[in-house]
Amino acid sequence: MAASAKPPTASLSWTKLLPSSPFATALVSFPRRRNRSAKAVFVVAVSSGAKPTVLVAEKLGEAGISLLKEFANVDCSYNLTQEELCTKISLCDALIVRSGTKVTRDVFEASSGRLKVVGRAGVGIDNVDLAAATEHGCLVVNAPTANTIAAAEHGIALLAAMARNIAQASASVKAGKWLRSKYVGVSLVGKTLAVMGFGKVGSEVARRAKGLGMHVISHDPYAPADRARAIGVELVSFDEAIATADFISLHMPLTASTSKVLNDETFAKMKKGVRIVNVARGGVIDEEALVKALDAGIVAQAALDVFTIEPPPADSKLVSDERVTVTPHLGASTMEAQEGVAIEIAEAVVGALRGELAATAVNAPMVPAEVLTELKPFVELAEKLGRLAVQLIAGGSGVKSVKVTYASARAPDDLDTRLLRAMITKGLIEPISSVFVNLVNADFTAKQRGLRISEERILLDGSPESPLEFIQVQIANVESKFASAISESGEVKVEGKVKDGVPHLTKVGSFEVDVSLEGSLILCRQVDQPGMIGKVGSVLGEENVNVSFMSVGRIAPRKQAVMAIGVDEHPSKDALKRIGEIPAVEEFVYLKL
């Protein structure tokens, strides 16, 4: 995409356009254009006739530096304090960092608008303030692929070292001891390894573990079953994975749903003597719970490359435990991986400075104001339908094919659905991934994960004033944790409309409902009989859970019905259990929006 030396002034009105959506902080809009079909361009141009300046704030491989120097003036200044970084940044068009440099709002403000690109040499972007970056018109890109093999190899190295007590035995011999009987290990061959997260790194670990003669299973609610089968891996539910595994290797992103996913409750479900490897993110393990599980004999050993706090405290019980093998976040630390990351991030930064839209962008491009204003409620509806649909999928199914149907009275060329498709993709992927999905990378991210999203339009009669009548999301060839979400044609199906500016869920499977998509949602299938609304409402009322909306859809009187209940607070496990124990309730599911 061509760059312009004089971009139009951006209207920083994103907080008003999408106040309740996570996408809000990733949208900046241009003023209204007279030409309705005009395309907005995400501009990251530099002054005409001058080379841009790139500040490299942490050590980067020489291959990446050389690539940058072909296009820009490169300033390699390492170990800068925040004050020094803020002083330098106003003279720079791009900034490249690793994980050690905090790119805060102060940095963007100090740049006075000159900083156009921040490149994170690696995957995680926790150290970059994305909201501030977007507000200041700065694109953020990362390098998500170059570390894959290095991280997988380190996972296997820790697996073997833990099983054979390599680190402990080495320290013992160096201390002048010869304790052969103390460090008897366990064999890997024939043991069951549960790979928790079957993405790029997890699948590579699985390949290597198969080569070691291990039986490999995996839990990943998103991974296609055929891709797993191709390398001899069986996809199973989360509970089955942790209950049957001799070894557990973690490769899941750190999200709200995976934070401390290994905790007291999940450790209690594991086979006694299980061994755990983590080269993913420290926060997915409750470290205090792991110490207790080690002391209780549930976990025999652990091998950790990552920690909740890095570096961990000097008095960490986990680090000092001889049953725990530790390394200082070395997953990506091979010479080859470092060079690969350097090249990947340098190419992304140079491309962005040229005005190209990078597939590894983690914040959104600029979008025409008129499009955002009109589609605002449908954008929110699209993301929430995606979130609902993916939460209805049972573990081990694997999502491969999604069909999105838009019903509208408008002609196809007068309804741009790219943003809606991106938001559905965002809703499907972000709850189970560390990827930030937006208009730039949605299609790339879906393709990368083997997800095929097809779109269909139903042309309605009537006034084209409203862009859409409804949006429908269908996921084929999957099992559902809520059987009533399966339509007559066999797909998990959810459908929604916008009413008075508010997204509503209007259909689940073959059942008509009408509930506002605010807060969270409880779906119940029950025998249609008097008093059901009161019984469920009483349970929630006793738990001080406020019901915002409630709707019942039924096949016929006194037969089956689906009740959709919008709740403002998260019900306790006990409250959900009591709902499930109501005699007429045949199944229910709690969904977070």
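Everything below is about the structure shown above.
Thresholds applied
Residues numbered from 1 in each chain as written. Predicted model: local features only at pLDDT ≥ 70, side-chain atom pairs only at ≥ 80, totals over all residues. Heavy atoms only, no water. Pairing = 2+ DSSP bridges. Helix = DSSP H or I, 4+ residues; strand = E, 2+ residues; numbered from the N terminus. Axes fitted to C-alpha atoms, helices over the stretch in contact; angles between N-to-C directions. Contact = heavy atoms within 4.5 Å. Parallel < 35°, antiparallel > 145°, perpendicular 65-115°, else oblique. Left-handed = near helix turned anticlockwise from the far one by under 90°. Nonpolar A, V, L, I, M, F, W, Y, C, P; charged D, E, K, R; others polar. Core = buried A, V, L, I, M, F, W, Y, C linked by side-chain atoms within 4.5 Å. Buried < 20%, exposed > 50% of the residue type's maximum accessible area, 1.4 Å probe, protein only.

(A) Seen up close, the sheet that holds strand β4 (residues 94-97). The parallel open sheet is built from five strands, whose spatial order is β3-β2-β4-β5-β6. One side of each edge strand has no neighbouring strand; the edge strands of this open sheet are β3 (73-76) and β6 (139-142). Averaged over all pairs of adjacent strands, the angle between strand axes in this sheet comes to 20°, irrespective of strand direction. In this sheet, β6 lies alongside strand β5 (residues 117-120) in parallel orientation, the contact comprising four bridges. Across the sheet, the residue bridging to Val117 is Leu139, located in β6. Of the strands in this sheet, β2 (53-56), β3 and β4 are in contact with helix α2 (residues 62-69), which crosses β3 at around 145°. In the packing of helix α14 (residues 335-353) onto the sheet, the strands contacted are β2, β4, β5 and β6, and the crossing angle to β5 comes to about 170°.

(B) Spotlight on the packing of helix α18 (residues 532-542) against helix α19 (residues 573-580). The N-to-C vectors of α18 and α19 enclose an angle of 165°; their axes lie 10 Å apart at closest approach. Taken together, α18 and α19 sit at an angle that is classed as roughly antiparallel. Crossing hand, α18 versus α19: right-handed. On the side of α18, the interface is formed by Val536, Val539, Leu540 and Glu542, while α19 contributes Ala575, Arg578 and Ile579. Of the residues belonging to the contact of α18 with α19, the class tally is five nonpolar, no polar and two charged.

(C) Here's a closer look at the nonpolar core. Formed by 51 residues in total, the largest nonpolar core has its most connected members in Leu392, Leu428, Ile471, Ile475, Leu505 and Leu523. Among all residues touching Leu523, those that are not within four sequence positions of it are Leu392, Phe482, Val508, Met563, Ala564, Glu587, Phe588, Val589 and Leu591. Counting residues in each nonpolar core, the second largest holds 30 residues, with Val284, Leu290, Leu294 and Leu318 among its members.

(D) Local environment of unusual backbone geometry. The peptide bond linking Glu310 to Pro311 adopts the cis configuration, its omega dihedral lying at -5°. One can find Pro311 in the loop between β12 (299-304) and α13 (317-320). Positive phi, normally seen in glycine, also occurs at Ser112, with a value near 55°. Mapped onto the secondary structure, Ser112 falls in the loop between α4 (105-110) and β5. With a relative accessible area of 65%, Ser112 lands in the exposed category. Notably, Asn477 is not glycine yet its phi reads approximately 60°, a positive angle. Along the chain, Asn477 turns up in the loop between β17 (470-476) and β18 (492-499).

So, to be careful, I would describe these as geometric facts and stop short of saying anything about function.
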